[in-house]
Amino acid sequence: MKRALLIMAALTTLAAPAFADEALAKSKNCMACHAVDKKLVGPSYKDVAAKYASDAKAVDALAVKIVKGGSGVWGAIPMPANTQVSEAEAKKLAAWVLSQK
C-alpha cells in the first residue's frame, strides 16, 4: 500500500509542472490567441517549439517577446506586450511552450 502511494505521489510530481505551466498560460490569457496544437490568432505552441527546437537561446528570447511583444516573425499580426507577466513567469511559459512537441 505504501509503495503504491509513493508511486502515485512521484507520478503526480512529474506531471504537475506541465499542468502548472498550462494553468499559468491560461491565467495570463495566453490561450486567447494561442493553442497547443492549432493556429488561432497566433501560432500554435507546437509550431513555436518546432521553429525554435535548435535554438539554445530560445527560452530567453521568447520570454522577452512574451513580456515586450513582437511582430513580423509569424506574419502581420503583432503580439502585444504582456506587462502583467513577470520575467520569471515568462521564462516558465517559454520553457513550457518549447516543450510542446
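Now for a look at the structure at hand. Small disclaimer: the values here were computed from a predicted structure and weren't measured.

Looking at where Gln 100 falls in the secondary structure, it is placed in the segment after α4 (87-98). Here Ser 99 takes part through its side chain, which lies 3.3 Å from a polar atom of the side chain of Gln 100.

A separate point is the packing of aromatic side chains. In the structure shown here, the tally under the stated rule is one aromatic pair. Between the aromatic rings of Tyr 45 and Trp 96, the centroid separation amounts to 5.3 Å while the plane-to-plane angle is 70°, which identifies the pairing as edge-to-face. Here the residue Tyr 45 occupies a position in helix α2 (residues 45-51), and Trp 96 occupies one in helix α4, the gap between them amounting to 51 residues. Accessibility expressed as a relative area gives 5% for Tyr 45, which makes it buried. What makes Trp 96 buried here is its relative accessible area of 5%. Here the guanidinium or amino end of Lys 51 rests over the ring plane of Trp 74, the centre of that ring lying 5.0 Å away.

Summarising the element assignment, Asn 82 is placed in the loop between α3 (58-68) and α4. A polar contact of 2.8 Å, which involves the side chain of Asn 82, links it to the backbone oxygen of Ile 66. Discounting residues that sit within four places of it in the chain, Asn 82 has contacts with Ile 66 and Val 67.

Rules used in this analysis
- Residues numbered from 1 in each chain as written.
- Predicted model: local features only at pLDDT ≥ 70, side-chain atom pairs only at ≥ 80, totals over all residues.
- Heavy atoms only, no water.
- Helix = DSSP H or I, 4+ residues; strand = E, 2+ residues; numbered from the N terminus.
- Polar contact = N/O pair within 3.5 Å; in protein donor to acceptor, adjacent residues only side chain to side chain.
- Phe/Tyr/Trp six-rings, centres within 6.5 Å; stacked < 30°, edge-to-face > 60°.
- Buried < 20%, exposed > 50% of the residue type's maximum accessible area, 1.4 Å probe, protein only.
- Lys NZ or Arg CZ within 6 Å of the ring centre and 35° of its normal.
- Contact = heavy atoms within 4.5 Å.

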